[in-house]
Amino acid sequence: MSATLRSERIALDPPLPAALRRDVEQGVYYCSDLIADARVDRAAGAWIELDLLGVSDAELSDLTRVVRDWVERTVASSLAYEDTIAREWGRPEAGFRATPEQVLASADLHSMGEGLVAYGPRLASVFGALRELWDRLAAEVGATPLVLPAVATLEHMQRCDFLRQFPQLLSFVTHFREDFGVIDRYAEACRRGDTESACAPPAQDMSSFRRMLRPAICYHVYPCFEGEQLAGDLRLVHAWGDCFRYESRNTTGLDRLFDFRMYEVVALGSADAVHRWRSGMMERVVERFEALGLPGRLKTSNDPFFVSGSVLKSTFQRAHDLKYELEVPFPNREGHLAVASFNEHQDFFASRFGITTRDGEVASSGCSAFGLDRILAALLVHHGTDVNAWPAPTRQTLGLNT
Ligand code: 5GP
Ligand code: ZN
């Protein structure tokens, strides 16, 4: 197969509704690994343009059919829905001080492969300050810390019903089968400097996949409370760490990583208490963003579902305002970057893990999740790549002056 690149425009009739244009642009990569880049007509939704790798005319007509079918299903499975903006603050017109490209070019940012970044000392200290700011927020609301593994068993994630909903994001963990023949052969290939064998061991030499990298923090919280009856009206915990989502070709910059760092505060309690907690949490977090000098908005949202059987869940999520996202103006195609989410799960997780309220009812849960790399990216594009020149209130809020 030649790796020549061709661009093809697929007409969409009827045009794609505005609310779906971003999701389709980001989801179309999962139609075929021959799609190198994709652009949707953001103005009218009348076409999707694909850059294709080494695709013949015959393959093109198959691929066009696959893409059209998938777009049709995506449209059929979503309701015409306009996100509601609950709150907006700051002055987006203040303009950006750096582009995402300038952020990436920072000498303190090291690429470790696609979607993998390391921070050098200067950015690592800002990252640490940001995490401590969130530690203070968590302590303020009465959350206690947990330390959780970055790997989850598939049994566990199946119990959380994650696997069916987001299979395109999964990253499995494997290892060699217990067989010295296999292990020695591999070690020998590495010793010979056989890069091909070292980097792509044969599938039959590997164990079956029983574990995966965690896609979020809160999935590990529920088993910590399995079978428990909560003593008070509300129990709050927090934890942070690396999370992993396979985002295909969408992986770019600090805002779309394969391995990113998430901070979560998770609530368990009565439905009322969790709902009140979430509202209060949104208030506090907006205050923090204002103190950081970051403009933004809070809007209702839903997780994009690209697979069949998803209709009910996403409709439900929208109908009940179960997910809010905090977005900061950002110089990308959307013009905004989602840096935090505030979610209510009702009794979805607590019923699966037998967690009950003090009154013996099935508990409710909720979480607020913060993408630390995205908040850092937002700070850098709004205030510039020279951290010492950031506005005094921002530095003060982060405790960077001391
Ligand atoms: P959620 O669970 O609501 O999808 O994600 C929680 C938060 O994690 C998001 O608001 C965002 O800040 C962060 N996040 C989600 N996906 C990515 C990603 O691909 N890269 C980065 N850097 N952060 C992400
Ligand atoms: Zn969560």
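As the structure is a prediction and not an experimental result, all values here were calculated from the model.

Undergrad: Teacher, can you tell me more about the nonpolar core here?
TA: A general feature of soluble globular proteins is that nonpolar side chains tend to end up buried together. Of all hydrophobic cores here, the largest spans 70 residues; its most connected members are M262, V339, F370, I375, L376 and A378. For this core, the leading source of residues is helix α13 (residues 372-383), giving eight residues. Sequence-distant contacts of A378, that is, excluding residues within four places in its chain, are made with L294, V328, F330, L337 and V339. Residues L16, V28, V67 and V71 belong to the second largest nonpolar core, which totals twelve residues.

Undergrad: Explain the site of ligand 1 here, please?
TA: Taken together, 17 residues lie around ligand 1, and F260, S341, A369, G371 and D373 are the ones closest in. Breaking the shell around ligand 1 down by element, the ones donating at least two residues are β12 (259-269), β15 (336-346), β16 (364-371) and α13. Here the shell around ligand 1 gets four residues from one element, more than from any other, and that element is β15. For the shell around ligand 1, the residue count by class is nine nonpolar, two polar and six charged.

Undergrad: What is the right way to read the sheet that holds strand β2 (residues 35-40) from this model?
TA: Note: strands within a sheet are paired through backbone hydrogen bonds, in either parallel or antiparallel orientation. Read across the sheet, three strands follow the order β1-β3-β2 without closing on themselves; strand pairing throughout is antiparallel. Only two strands of the sheet have a single partner each, and these edge strands are β1 (5-11) and β2. Pairs of neighbouring strands in the sheet enclose a mean axial angle of 20 degrees, with direction left out of account. Alignment of β1 against strand β3 (residues 47-53), held across seven bridges, turns out to be antiparallel. Opposite L5, over in β3, you have L53 as the bridge partner.

Calculation rules
Residues numbered from 1 in each chain as written. Chains lettered and ligands numbered in written order. Predicted model: local features only at pLDDT ≥ 70, side-chain atom pairs only at ≥ 80, totals over all residues. Core = buried A, V, L, I, M, F, W, Y, C linked by C-beta atoms within 7 Å. Buried ≥ 20, exposed ≤ 12 C-beta atoms within 10 Å, placed from the backbone. Helix = DSSP H or I, 4+ residues; strand = E, 2+ residues; numbered from the N terminus. Contact = placed C-beta atoms within 7 Å. Near = placed C-beta within 6 Å. Nonpolar A, V, L, I, M, F, W, Y, C, P; charged D, E, K, R; others polar. Pairing = 2+ DSSP bridges. Axes fitted to C-alpha atoms, helices over the stretch in contact; angles between N-to-C directions.

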